[in-house]
Structures are given as structure tokens and as C-alpha cells.
Amino acid sequence: MTARDKLIQAIETLPDSQVERVLAYIQGMAGDRPTQGQNSQEMPCFDETWWNNLSQFSPDFLEVREQPQLPEREDIFE
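Position numbers for residues start from 1 in each chain and track the written sequence from start to end. Per-residue local features are limited, in this predicted model, to residues with pLDDT of at least 70; the limit for side-chain atom pairs, both in listing and counting, is 80 or more; totals at the level of whole chains, interfaces and linings are taken over all residues. Only hydrogens and water are removed before side-chain values are computed, so all heavy atoms of the structure are retained for them.

Topic: the overall build of the chain
Here comes step 1: Under the DSSP-based scheme used, a helix requires at least four consecutive residues in state H or I and a strand at least two consecutive residues in state E, with every element numbered from the N terminus. The secondary structure content of the chain amounts to three helices and zero strands.
Here comes step 2: Along the chain, helices and strands appear, N-terminal first, in the series α-α-α.
Here comes step 3: Residues classed as buried in the chain amount to 5% of the 78 residues present.
Here comes step 4: Computed with the Shrake-Rupley method and a 1.4 Å probe, the accessible areas treat only the protein chains shown as cover for residues. As presented, the chain carries roughly 7,800 Å² of accessible surface, and 54% of it is formed by carbon and sulfur atoms. Note on classification: 1.4 Å probe, protein chains only; a residue is buried when its accessible area is under 20% of the maximum for its type, exposed when over 50%, partly exposed between these limits.

Following this line, the structure appears as C-alpha cells:
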């Protein structure tokens, strides 16, 4: 089964609301996504939503980006 066949099979199992989002994403990747004026019901793609939501984070979000130390544990593979 080719990647195209797998994609088609996966899309056939999606509800209509998700099919619209997948289509918008694929069109965005291909660079031929219609403008909002062409399709007023079009949902924004993930990339647009992500960028638009960045302003909702406070300036101190993830100010310290250090990982906490892991607890000591016995080595089970010795």
C-alpha cells in the first residue's frame, strides 16, 4: 500500500469537520490554499492558529528553561 493509499484510507475514516482541517493543512503545505474570501467557512490551519495564540502567553512563560534533576534509581540492567 502506497503512502497515498494510506492517506486516502485515513481521510475516509475522519468526520467531516476534521476533513476540512486536513484539506486546509494540505493546501497550505502545497502553497495553493484559497484565501478566506474564497471559502468563508474555512478553518485556520494549525500554523496560523499557533502563531495567533502566541500573544496570549505572558512574558514570563518558560522564563527558566532548565530540566529538573532526575531522582537516583538503581540500575536494573547490571
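Looking at helix 2 (residues 16-30)
Here comes step 1: Given a rise of 1.5 Å per residue, 15 residues ought to cover 21 Å, and the 21 Å separating the end C-alpha atoms of helix 2 matches this to within 8%.
Here comes step 2: Within two residues after helix 2, glycine 31 carries a phi angle of roughly 80°, on the positive side. A helix's residues, less one, multiplied by 1.5 Å, set its expected span.

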